[in-house]
Amino acid sequence: MVDSQYYLPNDIGISALDCREAFRLLSPKEQMYAHYLSRASWYGGLIVLIQTSPESANIYVLLQKMFRAQAPPQLEAAATAAGLSAEEYQAFLVYAAGLYANMGNYKSFGDTKFIPNLPKFKALVWESLAFKQSPGDMEALWGCCCESLYSLEDKQKQLGLGEKGISAYFSGNCCLEDAEFAQKFLDSKNLSAYNTRLFKTEVDGKRCYEVRLASAKKGEYPDEVCFGKHEFEDAVFFVKRGDYAFLMEKVCQNLEKAKDYAANDNQKRMLEEYIHSFACGSVEAHKEGSRYWIKDKGPIVESYIGFIESYRDPFGSRGEFEGFVAVVNKAMSARFAQLVNSAEVLLPELPWPPAFEKDRFLKPDFTSLDVLTFAGSGIPAGINIPNYDDIRQTEGFKNVSLGNVLAVAYATQKDKLTFLEESDKDLYIKWKGPSFEVQVGLHELLGHGSGKLFVQSQNGHFEFQISSWYKGSETWDSKFSTIASSYEECRAECVGLYLCLNKQVLSIFGHEGEDAEEVVYVNWLTMVRAGLLGLEFYTSESKSWRQAHMQARFVILRVLLEAGEGLVGLKECTGADGRPDAVITLDRSKIHTVGKSAIQRFLCRLQVHKSTADVEGGRALYEGYSAVTADGTHNFLHLRETVLLRKEARKMFVQANTYIKGSCLLVEYEGSAAGLIQSFVERFPDDAEKVEAQLLEMTCVLLSFTFKIPKHLCNAFFI
């Protein structure tokens, strides 16, 4: 019997992101700018299929062909003919929607594989109009993904490196030692891993690695990238361009069109640098584009695009492609502007010594946005970018809060609210939204935006004695690698908890008196509950975490439980349904004393290890609190089983499309599995078949390395 955690439930929440009014208020020029940026993002977002798993693109193409021939309502007749019940057909639609929403068959939040909750998938494919129109193509597509579609072998249950899971950032014969060795090579050449994949072969007993740079162009290109063959220690590295070349070219073409509608020179120069970066594979050009992006203060249409977040690289250095386009919500942005203006007063409140804070706070843009397009594996609630340490430390960054995502993502039904006392549930439902808004603001601006990294200067001196620091091309991600993302999320979450106790912060968000105290209580309660929920994202077999934020929240729960004095209570019990349950409680009278002191001490330790590049100390601290064991006061391994028993699926979002028919038009879809599917079917109206053929071609590259299938046989298989 298959564990239910690998199915998406038929009643999973699916909501449409409302951007109609925001889009309507744009000028025709701004609408055109948003349109072409969206096109670039959607084409680039398809790269995530290739980055996720060897089979993701094949499944995507299979589904696209089926739904392009028959929309979900029409395909239902074929499902009935194939013997599917109404529940089974809904399970099929939910699976398809899940693949589109996650851009692959692994959950973007948790990195767990999900499989179709129906045994008659093949029968439906054979009964579909797409199969009847092209039986050879459809049978070949089915043949290349039918086993991996359902496979739950231990290694295939989650993303990971080597025997711990699946990763398409590396060929299947790579392990952690290969990732570390490759990072050492990249550092020696001052090359970033952000836009790369690594493939390993062996020739005459010698290790050979191919570092593939994402770029539209292939071969030589006059720039700063170290293209070609390199002898390194006892191995050979080949640095090659042209990964995802077709899609990268599509991104460049649409960014070029967007330039004609840019509002100012900063936007034009930003796009020029992005185009250069995506054409030749230069991270340095993307960094330069990010500098112009930072300078583009208060744009009406906000966007960012590239290989951004490294959460899903098991080694923590390679970025997943994402692109977003959004419209500023002026009313909510005014509150965030107040927070920015107060930052220089609030930063000294943080618990580390002044020397560990940046010499000068570079006031960023902080805006609330209504998302028009967010292409990638998932949509966050807030973002702090760019992720380049050298830019963030000395030139600045931007923060965004995604308002129309927050509006629908965290709505909670009382009967589905787990692990809280009944007396807390109504408070939680009332104040979860407002408290999360405060937490997101503090997390992004003063969490990710604070703290200094000690980087060795040209003369090699520091103002005071420290035992370690960042050298040469070392970065936070390359140095702390596998724990970097979660560690930093934990630090930012702690900053949010710590500073939400400040009355000035609460006043900025419109909370005074008793209401302010309710916001504080629910914010802290949300965090400790999230720490318990985080156990869903821990794999006990490999003793590994699959989601950076949830690992961070579990660590915070451990810190607050360790504080003692009755601050946090956690007990196992039997639920009203007779199944195992648990209840977590928080003593609000001790938040400002016991709680604040515990976070203060822990936050200081996190920052000192980070600032001084103390990997050994930081790893020992963080992995210690991340450990999930049956020892001690709480049996977390047993609690994990209870959490899995009562888990609720994460919501999915339906996004609009834009078209040019004389003017720029917005098309929205219903918040359902069918609506989500239809939005993707209509997303690439002009060249869908060519896009799909190229996706299959790109999949062959990974298959030829991972499974030793000659590329010409891969191509023959997908004709």
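Residues numbered from 1 in each chain as written. Predicted model: local features only at pLDDT ≥ 70, side-chain atom pairs only at ≥ 80, totals over all residues. Heavy atoms only, no water.

K.L.:
Please give an account of the overall build of the chain that cites residues and values.
P.N.:
Across its full length, the chain carries 28 helices and 17 strands. The C-alpha atoms of the chain give a radius of gyration of 25 Å, which matches the 27 Å a tight globule of 719 residues would have. Each of the three principal axes of the chain carries a C-alpha extent, and together these read 70 × 65 × 60 Å. Looking at the chain as a whole, 61% of its 719 residues are labelled buried. Considering only contacts in the chain between residues 6 or more positions apart, those separated by 24 or more positions represent 75%. Looking at the chain as shown, the accessible area adds up to about 27,600 Å², and 50% of this sits on carbon and sulfur atoms. Charge-centre separation for the chain: the mean point of 78 positive side chains lies 1 Å from the mean point of 94 negative side chains. (Helix = DSSP H or I, 4+ residues; strand = E, 2+ residues; numbered from the N terminus. Rg over C-alpha atoms; globule rule 2.2 N^0.38 Å. Buried < 20%, exposed > 50% of the residue type's maximum accessible area, 1.4 Å probe, protein only. Contact = heavy atoms within 4.5 Å. Areas by Shrake-Rupley, 256 points an atom, 1.4 Å probe, with all protein chains shown as cover. Lys, Arg positive; Asp, Glu negative; His and termini not counted. Charge placed at Lys NZ, Arg CZ, Asp CG, Glu CD.)

K.L.:
Can you explain empty space enclosed by the protein? Please cite residues and give values.
P.N.:
Evaluation of the coordinates by the stated rule reveals six cavities of 30 Å³ or more. Its boundaries defined by the atoms lining it, the largest cavity holds a volume of some 70 Å³. Along its surface, the largest cavity is lined by Tyr-194, Asn-195, Ala-214, Ser-277, Phe-278, Ser-282, Val-283, His-286, Gly-306, Phe-307 and Tyr-388. Counting only elements with at least two residues in the lining of the largest cavity, the list comes to α12 (265–280), α13 (283–295) and β6 (301–309). (1 Å grid on protein atoms, 1.4 Å probe; cavity = no way out; pocket = protein on both sides within 12 Å on 5 of 7 lines; lining within 4 Å. Points joined across faces, edges and corners; volume = space filled by probe spheres on them.)

K.L.:
Could you give an account of the packing of aromatic side chains, with specific residues and numbers?
P.N.:
Under the criterion given, the structure shown has 41 aromatic pairs. A centroid spacing of 5.4 Å and a plane angle of 40 degrees characterise the contact between Phe-121 and Trp-142, whose relative ring orientation is tilted. Of this pair, Phe-121 sits in helix α7 (residues 121–127) while Trp-142 is found in helix α9 (residues 135–150), placing the two residues 21 residues apart along the sequence. Judged on exposure class, the residue Phe-121 and its partner Trp-142 are both buried. Where Phe-307 meets Phe-321, the ring centres are 5.2 Å apart and the plane angle is 85 degrees; that geometry is what we call edge-to-face. One end of the pair, Phe-307, is in strand β6; the other, Phe-321, is in strand β7 (residues 320–329), and 14 residues separate them in sequence. Grouping residues by exposure puts Phe-307 and Phe-321 together as buried. Taking NZ or CZ as reference, Arg-392 lies 5.7 Å from the ring centre of Phe-397, over its face. Geometry around Trp-476 places Lys-610 over its ring, the cationic atom sitting 5.0 Å from the centre. (Phe/Tyr/Trp six-rings, centres within 6.5 Å; stacked < 30°, edge-to-face > 60°. Lys NZ or Arg CZ within 6 Å of the ring centre and 35° of its normal.)

K.L.:
Residues and numbers for the UniProt feature "active site" (unreviewed entry) in the chain, please.
P.N.:
As recorded in UniProt, the feature "active site" (unreviewed entry) lies at Glu-444. Relative to the assigned elements, Glu-444 resides in helix α17 (residues 422–447). Using a relative accessible area of 7% as the deciding quantity, one classes Glu-444 as buried. Dropping the residues within four chain positions of it, Glu-444 is found in contact with Phe-366, Gly-382, Ile-383, Asn-384, Asn-399 and Gly-449. (UniProt positions renumbered as here; feature names shortened; annotations may be inferred.)

K.L.:
Account for α9, with residues named and values stated.
P.N.:
Taking 1.5 Å per residue as the helical rise, α9 with its 16 residues ought to reach 22 Å, and the 22 Å between its terminal C-alpha atoms agrees with that figure. Along α9, the helix axis deviates most sharply at Cys-144, where the bend reaches about 35 degrees. Residues Met-138, Ala-140, Leu-141, Trp-142, Cys-144, Cys-145, Ser-148 and Leu-149 constitute the buried set of α9. (Expected span 1.5 Å × (residues − 1). Bend = angle between axes of the 7 residues up to and from the residue.)

K.L.:
Summarise the pattern of salt bridges; cite the residues concerned and give the values.
P.N.:
If you walk through the whole model with that rule in mind, you get 42 salt bridges. A salt bridge links Glu-88 to Lys-120, with the shortest nitrogen-to-oxygen separation between them at 3.7 Å. Residue Glu-88 is found in helix α6 (residues 86–102), and its partner Lys-120 is found in the loop between α6 and α7; the two are separated by 32 residues along the sequence. Owing to a relative accessible area of 18%, Glu-88 belongs among the buried residues under this scheme. The partly exposed category is assigned to Lys-120, whose relative accessible area is 31%. The residue Asp-577 makes a salt bridge to Arg-579 at a minimum N-O spacing of 2.9 Å. Accessibility expressed as a relative area gives 35% for Arg-579, which makes it partly exposed. Through salt bridges with shared partners, a single network forms among Arg-197, Glu-210, Arg-212, Lys-240 and Asp-243. (Salt bridge = Lys/Arg side-chain N within 4 Å of Asp/Glu carboxyl O.)

K.L.:
Explain helix α23 (residues 591–611) residue by residue, including any values.
P.N.:
Those residues of α23 that sit buried are Ile-591, Val-594, Gly-595, Ala-598, Ile-599, Phe-602, Leu-603, Leu-606, Gln-607, His-609, Lys-610 and Ser-611. Elements that come into contact with the buried residues of α23 comprise α18 (476–480), α19 (484–499), α21 (513–533), α22 (548–563), β14 (580–586) and α24 (615–626). Ala-613 sits one or two residues past α23 and shows a positive phi near 55 degrees.

K.L.:
Any chance you could break down the sheet that holds strand β9 (residues 382–385) for me, citing the residues and the numbers?
P.N.:
In spatial order, the strands read β6-β7-β8-β10-β9; together these five strands make up an open sheet with mixed pairing. In this open sheet, the two edge strands, each paired with only one partner strand, are β6 and β9. With direction set aside, neighbouring strand axes in the sheet form an average angle of 35 degrees. Alignment of strand β8 (residues 365–375) against strand β10 (residues 398–402), held across five bridges, turns out to be parallel. The residue of β10 that forms the bridge with Phe-366 is Asn-399. Set on the sheet, α13 makes contact with β6, β9 and β10; between it and β6 the angle comes to about 150 degrees. Strands β8, β9 and β10 of the sheet are contacted by α17, whose axis makes an angle of about 10 degrees with β9. (Pairing = 2+ DSSP bridges. Axes fitted to C-alpha atoms, helices over the stretch in contact; angles between N-to-C directions.)

K.L.:
Tell me what's going on with the environment of Thr-699, and back it up with residues and numbers.
P.N.:
Within the element layout of this structure, Thr-699 appears in helix α27 (residues 688–706). Residue Thr-699 is classed as buried on the basis of its relative accessible area, which comes to 4%. When the C-alpha atoms of Thr-699 and Ile-50 are compared, they prove to be 6.4 Å apart, with 649 residues separating the residues in sequence. With near-sequence residues (within four places) excluded, Thr-699 lies in contact with Ile-50, Pro-54, Ala-57 and Asn-58.

K.L.:
Would you mind going over the packing of helix α11 (residues 245–259) against α12 in detail, with residue names and values included?
P.N.:
At their nearest, the axes of α11 and α12 sit 9 Å apart, and the two run at 165 degrees to each other. In terms of axis orientation, α11 runs roughly antiparallel to α12. In the crossing of α11 with α12, the sense of the turn from one axis to the other is left-handed. Together, Met-248, Val-251, Cys-252, Leu-255, Glu-256, Ala-258 and Lys-259 of α11 and Lys-268, Leu-271, Glu-272, Tyr-274, Ile-275, Phe-278 and Ala-279 of α12 make up the contact between the two elements. Tallied by class, the residues present in the contact of α11 with α12 amount to 10 nonpolar, no polar and four charged. (Parallel < 35°, antiparallel > 145°, perpendicular 65-115°, else oblique. Left-handed = near helix turned anticlockwise from the far one by under 90°. Nonpolar A, V, L, I, M, F, W, Y, C, P; charged D, E, K, R; others polar.)

K.L.:
Could you give an account of the UniProt feature "binding site: Zn(2+)" (unreviewed entry) in the chain, naming the residues involved and the relevant values?
P.N.:
Those places that UniProt annotates as "binding site: Zn(2+)" (unreviewed entry) correspond, in this numbering, to His-443, His-448 and Glu-489. Considering the C-alpha atoms alone, the annotated residues occupy 47 residues of sequence yet fold into one spot, their largest mutual distance being 8.4 Å. Secondary-structure assignment places His-443 in helix α17. For His-443, a relative accessible area of 6% gives the class buried. Excluding residues that lie within four positions of it along the chain, His-443 makes contacts with His-448, Glu-489, Ala-492, Glu-493 and Gly-496.

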